[in-house]
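Understanding the architecture of this molecule
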Amino acid sequence: MALKGMGVALGCAAALVLTTACTASYRETKAEEQFPPLGQFLTVNGTQVHYVTKGTGPDIVLIHGASGNLRDFTFSLVDKLADRYRVTAFDRPGLGYTERVNPDGTTLIEQATLLADASDQLGLQNPMVLGQSYGGAVALAWAVERPDSLSALILLAAASNPWTSDLSLFYKITSSDLGSATVVPALTAFVPNPVVDSAIEGVFAPQKEPEGYAEYIGAPLTLRRDTMRANAMQRANLLNEIKALHTRYGTITVPTEIVHGDADTTVGLSIHSIPLSRQIKGANLTVLEGIGHMPHHATEPDVIAAIDRAAQRAGLR
């Protein structure tokens, strides 16, 4: 009887694993059908990179945050800039439609190197580099690793300095070997849409996301298994990478504009951008009263003004 019971249990477990895998694959296929690539692809050092380029004028590169993709910028900002800049938005490695570079978690420097090489391959002329949230950390890595390949730096709610809070339970689980193998596929297969909508609302708080944003951003792409694993590893490794990176900010000499809301509870102003404004000589910090983590949507004119200031300071306008 015991062996029979064990056999039933193993059969149920196998059925659950198979159902989860099939459902996850189905949802991934539907996500890619619903949110196909918006731009073009190039191969950089063997890695496929997805990008969108629009407009004419001085070059600017846009780097999105964690759990996102370039659609965060093509929703509005790219079109607002394209009348006077050549704007290029990239999917970061492992997210959107850009391939992973490192299965153990593509580092900030690896990401910066890939995107700098991609920009060079596209013929971008010493672009200004804008990064939001995690993308701001990538932009900072670009500035310290490849200082001669950019003309200015614009940082929006950027993760930049070490913090003391622990890694969230979600990322502890999804970045672990066991969680990657079991929890990630279950999330891909079974997370309901209201949970995704709630996560988007949390990122924008205390503001609300723009009308149509949730339908446009392609959140189901982030729920793909490989994307979740890549994002989780990047997030789990971020603090140690920031600890190594932040001691090098004094070498940054390009004009730098920093924009940060004082109501941001995702990346705290006092922990990150206020110290950063002192670490980079000549950096200009704009504090947005009552604004949360998404200033490029909540106060888009302020972000565009910061870009224009950076361009003017760099002699591009």
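See the structure printed just above.
Report follows, based on the coordinates. (Residues numbered from 1 in each chain as written. Predicted model: local features only at pLDDT ≥ 70, side-chain atom pairs only at ≥ 80, totals over all residues. Heavy atoms only, no water.)

On to the pairing of strand β8 (residues 284–288). The pairing of strand β7 (residues 256–261) with β8 spans 5 bridges and is parallel. Pairing of V259 across the sheet is with T286, part of β8. (Pairing = 2+ DSSP bridges. Helix = DSSP H or I, 4+ residues; strand = E, 2+ residues; numbered from the N terminus.)

Right, let's talk about the sheet that holds strand β3 (residues 59–63) for a bit. Taken together, 8 strands build an open sheet; the order of strands is β1-β2-β4-β3-β5-β6-β7-β8 and the sheet is mixed. Two strands bound the open sheet, and with one partner strand each, they are β1 (40–44) and β8. If you compare each strand with its neighbour and ignore which way they point, the axes differ by 20 degrees on average. The sheet contact formed by β1 and strand β2 (residues 47–54) spans 5 bridges and is antiparallel. Residue pairing across strands places Q40 opposite Y51, the latter belonging to β2. Contacts from helix α4 (residues 108–121) reach β1, β2, β3 and β4 (86–90) within the one sheet, and its direction differs from that of β1 by about 110 degrees. (Axes fitted to C-alpha atoms, helices over the stretch in contact; angles between N-to-C directions. Contact = heavy atoms within 4.5 Å.)

Moving on, we get to the pattern of salt bridges. A side chain of one charge can pair with a side chain of the opposite charge when the charged atoms of the two come close. One pass over the structure, following the stated rule, counts 14 salt bridges. The partner of R84 in a salt bridge is D308, and the shortest N-O contact between them spans 3.1 Å. Placement of R84 in the loop between α3 (77–81) and β4 and of D308 in helix α14 (residues 300–313) is noted, with a sequence separation of 224 residues between them. The same class applies to R84 and to D308, which are both buried. For E257, the salt bridge identified is with R313, shortest N-O distance 3.0 Å. In this pair, E257 sits in strand β7 while R313 sits in helix α14, placing the two residues 56 residues apart along the sequence. Taking relative accessible area as the criterion, E257 reaches 1% and is therefore assigned buried. Given the relative accessible area of 39%, R313 is considered partly exposed. A single network of salt bridges, built from pairs that share partners, joins D83, R84 and D308. (Salt bridge = Lys/Arg side-chain N within 4 Å of Asp/Glu carboxyl O. Buried < 20%, exposed > 50% of the residue type's maximum accessible area, 1.4 Å probe, protein only.)

A separate point is the environment of S119. The residue S119 is located in helix α4 in this model. Between the alpha carbons of S119 and T88 there is a distance of 8.5 Å; along the sequence they are 31 residues apart. Leaving out residues up to four positions away in the same chain, S119 has contacts with V61, F90, L124 and W142.

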